[in-house]
Amino acid sequence: FLQALQGKEEANSTDVAFAVRLAGGQCRPCPGGMVCHGGLELLQRVDRYPVEYYPSMGESSSDELGMTVWSICKTDPELVDGNVVNQNCLRRFCEDESRVADPRCIPTFPELALGHWADPDFPFDVYKCQALVSATSDSFVSCPGGRPGTCSGGRTGLACGRCEDGSTMDVDGTCKSCEGGGSVPTVFAIIIILFGFPCLYYFMNGKLTSETSTMMATGISMGALLTLTQHFSVLGQLTVKWEEPMTSIWAALDIFMFNPKFLNSGCVFGDTSIFIGRILLPSILLSWLAVFALATQAAGRAGVVKESLVMVWPKVRNTMGQMFQAFYIAISMSCILALQCYSSPNGTSSLSQHPYILCGSGDHTPFLVFSVLGMIVYLFGFGAFYITACIVIPGRSQRGLVAIQAYRFIFFRFRPEFWYWGSVFLFRNLLLTLAGVLNPGNPYTGAMYLGLVALGFLIAQCVCWPWRSNLLNTLDTVILFAMVAIVFSTLPFIEVTEVEVLESTRDTLVGIMVTVFVLASLTVVGSILGNMACKVREVRDPDGHMQRKEASMKTLSKAWADLTNCYRLDASRQMQFLTNLGAFDRAAVLKLAGVVDLELSRSEKGSKRSSRRVSMNAGSLSTASK
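Please read these numbers as outputs of a predicted model, since none were measured by experiment.

Applying the stated criterion to the full structure yields 17 aromatic pairs. Between phenylalanine 324 and tyrosine 328, the aromatic rings sit 6.5 Å apart at their centres with planes inclined by 55°, giving tilted as the arrangement. The rings of Phe324, Tyr328, Tyr378, Phe382, Phe385, Tyr386, Tyr407 and Phe409 are connected pair by pair, giving a single aromatic cluster.

Encoded structure:
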């Protein structure tokens, strides 16, 4: 029908009737991303292309057709909107048998489903919109559905993916005008970053934070929680209808993901420039810190600044590493934005952050190039450097304090026996970041992936307890538990209407349940079989078992002898030794002292303090005395 009218400056009812007959009267399945109501509807204006789908008929109509339609529908409130008729009225008009042959009553044109868009010239070429769902209504901020070419929120372009000239996209997905100082936040943020970033050197390496490194690491962990939570909120932006206060919380957390929407950056730069800027931002900041360090060193040699303000390179490298590590998730998210593509009913794929850019097109190429470069330099490059440092630096640290100062950000947060845990922590953040690449069109996939990864590292955290202080261990445990709880609590808010996606999600969930059940069963059965094997080995080879037990006791006896010889150290050396112990070593000393004290107090009659511990170990103690 549209093809018959397209290109005609004028048309008439004969053209319309001819176009309808071209379809052959055949019915076909409703196109993907569209809603087909069936039946006929009234088409009033056919004198030019495009035709008018919604005639303005109402109480004020002066033509015969308009007055006829109004007289039919005016008494039914479902058929009118105020003083004009709605689409239901136009369909009611054509339901009359006497009007079925009227050329103005044509088959009802399919409407776009919620969250879909199509060009009026190609109405069946349907694109899916990757946009926020309104928290107060059932309409998309950008794509409300309905007739082809319809956008809302001031958005325009393919899939309603961009704002009109002179406006920028707000954090809620709507467009706002750049007038009235729209570029001020961006300029102000650039000034703050340039002058504030070098100050972090003095904060992270000064006397204050050298004694409060635990709190500093806590801040880094809390930053990771915020970015991870925001990362999850990005995954569900297509069909998750958040309610307050969650909508406001996700919007506030956007700032930790370097989201330029907060700064009205669209009023100053284009989308491509903003993306490239996000990729280059870490390198620019690190280079700026290096230039600032050279400036302070030159000023120090000239006697302009105090020696305490002169930056030294080991501490500069430590500051760079700490900041890069703290914002690793945000940096990773920026690098993989160009890989987050979702599919549309017409078979194309669009970029999640910029739906008007088709993946694989020429506009997508700059995004893809800088994304790959960012992953090579930041993700794989920094990861390889981090792992190499974990292997090499412990040996170099014995030569002096330079290596300790330069790479303090790698080791200072963890217990000595888990000095490598920084690599595990970095790998955890990378895995959580990659959730955005896993089928962005289906939020269930990302949500389940995030939940399983967080749950796995929660188990590892509870087993190893790797952080230097109990406070950090507790906080990281709470963070991971909160991550798991938030992920699985949001599943009811996810709405997926496509049958294929629902079936895929169901199969995935069933597979996860079966896998978890099998792994849990194998773990329990394996532990039982392992204990039985040890017992059989002990029965078959009692002599070997006794030899292994004696060797273990000899090692323990030697360690005990070394411990009891500590009285040979004077009081000052003992105090220095105890001061240098970590939190967990101090706790171990206190626990050992408590056990020894209980053993010494066994001979005291009526000792309530030792009765419980001694009664629990009575069998082992009596055996040892024999």
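Following the structure, the description resumes.
Note that strand 7 (residues 116-119) and strand 8 (residues 122-128) share four bridges and pair antiparallel. When the sheet's bridge partners are listed, tryptophan 117 is paired in strand 8 with tyrosine 127. Once strand 7 ends, the chain turns through two residues before running back antiparallel as strand 8.

In total, this model carries two salt bridges according to the counting rule given. For glutamate 417, the salt bridge identified is with arginine 415, shortest N-O distance 2.4 Å. What makes arginine 415 buried here is its relative accessible area of 14%. Across the pair arginine 428 and aspartate 476 runs a salt bridge whose closest N-O atoms are separated by 3.2 Å. Here arginine 428 is found in helix 16 (residues 421-433), whereas its partner aspartate 476 is found in helix 18 (residues 470-489), with 48 residues between them in sequence. With a relative accessible area of 4%, arginine 428 lands in the buried category. Given the relative accessible area of 1%, aspartate 476 is considered buried.

What helix 3 (residues 64-73) keeps buried is the set Leu65, Gly66, Val69, Trp70 and Cys73. Buried residues of helix 3, seen end-on, are gathered within an arc of 130° and therefore sit on one face of the element. Residues of helix 3 that are buried sit in contact with strand 2 (40-42), strand 3 (80-81), strand 4 (84-85) and helix 4 (87-95).

Let us look at the environment of valine 487. Inspection of the secondary structure assignment puts valine 487 in helix 18. Judged by its relative accessible area of 0%, valine 487 falls in the buried class. Between the C-alpha atoms of valine 487 and alanine 447, which are 40 residues apart in sequence, the distance is 5.9 Å.

So, about the side chain of glutamine 325. Along the chain, glutamine 325 turns up in helix 11 (residues 313-326). A residue is classified by how much of its surface remains accessible, and glutamine 325, at 2% relative accessible area, is buried. In this structure the side chain of glutamine 325 is engaged in a polar contact, spanning 3.3 Å, whose partner is the backbone oxygen of phenylalanine 409. When near neighbours in sequence (up to four residues on either side) are disregarded, glutamine 325 contacts Tyr386, Phe409, Arg413 and Leu426.

Here we take up the confidence of the model for the protein. Close inspection of predicted coordinates is inappropriate in any region flagged by low pLDDT. Residues with a pLDDT of 70 or more make up 73% of the protein, whose mean pLDDT is 75. Per-residue pLDDT, averaged within each element of the protein, yields its smallest value for helix 24 (residues 618-625) (42) and its largest for strand 7 (90). Contacts from residues 1-18, a stretch scored under 50 in pLDDT, to residues over four places away or in other chains number 35 contacts. With pLDDT under 50 throughout, residues 208-215 is counted as low confidence; its partners more than four residues away or in other chains account for ten contacts.

Our focus in this paragraph is the environment of phenylalanine 385. In this fold, phenylalanine 385 is placed in helix 13 (residues 365-396). When residues no more than four places from it in sequence are discounted, the contact partners of phenylalanine 385 are Tyr407 and Phe409.

Attention now moves to the packing of helix 17 (residues 443-464) against helix 18. Contact geometry for helix 17 and helix 18: axes closest at 9 Å, N-to-C directions at 155°. Taken together, helix 17 and helix 18 sit at an angle that is classed as roughly antiparallel. Like other packed secondary-structure pairs, helix 17 and helix 18 cross with a definite hand, here left-handed. Taken together, the residues of helix 18 that come into contact with helix 17 (itself represented by Ala447, Met448, Leu450, Gly451, Ala454, Leu455, Phe457, Leu458, Gln461 and Cys462) are Asn473, Asp476, Thr477, Leu480, Phe481, Met483, Val484, Val487 and Phe488. When grouped by side-chain class, the residues that make up the contact of helix 17 with helix 18 number 14 nonpolar, four polar and one charged.

Calculation criteria
- Residues numbered from 1 in each chain as written.
- Predicted model: local features only at pLDDT ≥ 70, side-chain atom pairs only at ≥ 80, totals over all residues.
- Heavy atoms only, no water.
- Phe/Tyr/Trp six-rings, centres within 6.5 Å; stacked < 30°, edge-to-face > 60°.
- Pairing = 2+ DSSP bridges.
- Helix = DSSP H or I, 4+ residues; strand = E, 2+ residues; numbered from the N terminus.
- Salt bridge = Lys/Arg side-chain N within 4 Å of Asp/Glu carboxyl O.
- Buried < 20%, exposed > 50% of the residue type's maximum accessible area, 1.4 Å probe, protein only.
- Arc of directions from axis to C-beta.
- Contact = heavy atoms within 4.5 Å.
- Polar contact = N/O pair within 3.5 Å; in protein donor to acceptor, adjacent residues only side chain to side chain.
- pLDDT = per-residue confidence, 0-100.
- Axes fitted to C-alpha atoms, helices over the stretch in contact; angles between N-to-C directions.
- Parallel < 35°, antiparallel > 145°, perpendicular 65-115°, else oblique.
- Left-handed = near helix turned anticlockwise from the far one by under 90°.
- Nonpolar A, V, L, I, M, F, W, Y, C, P; charged D, E, K, R; others polar.

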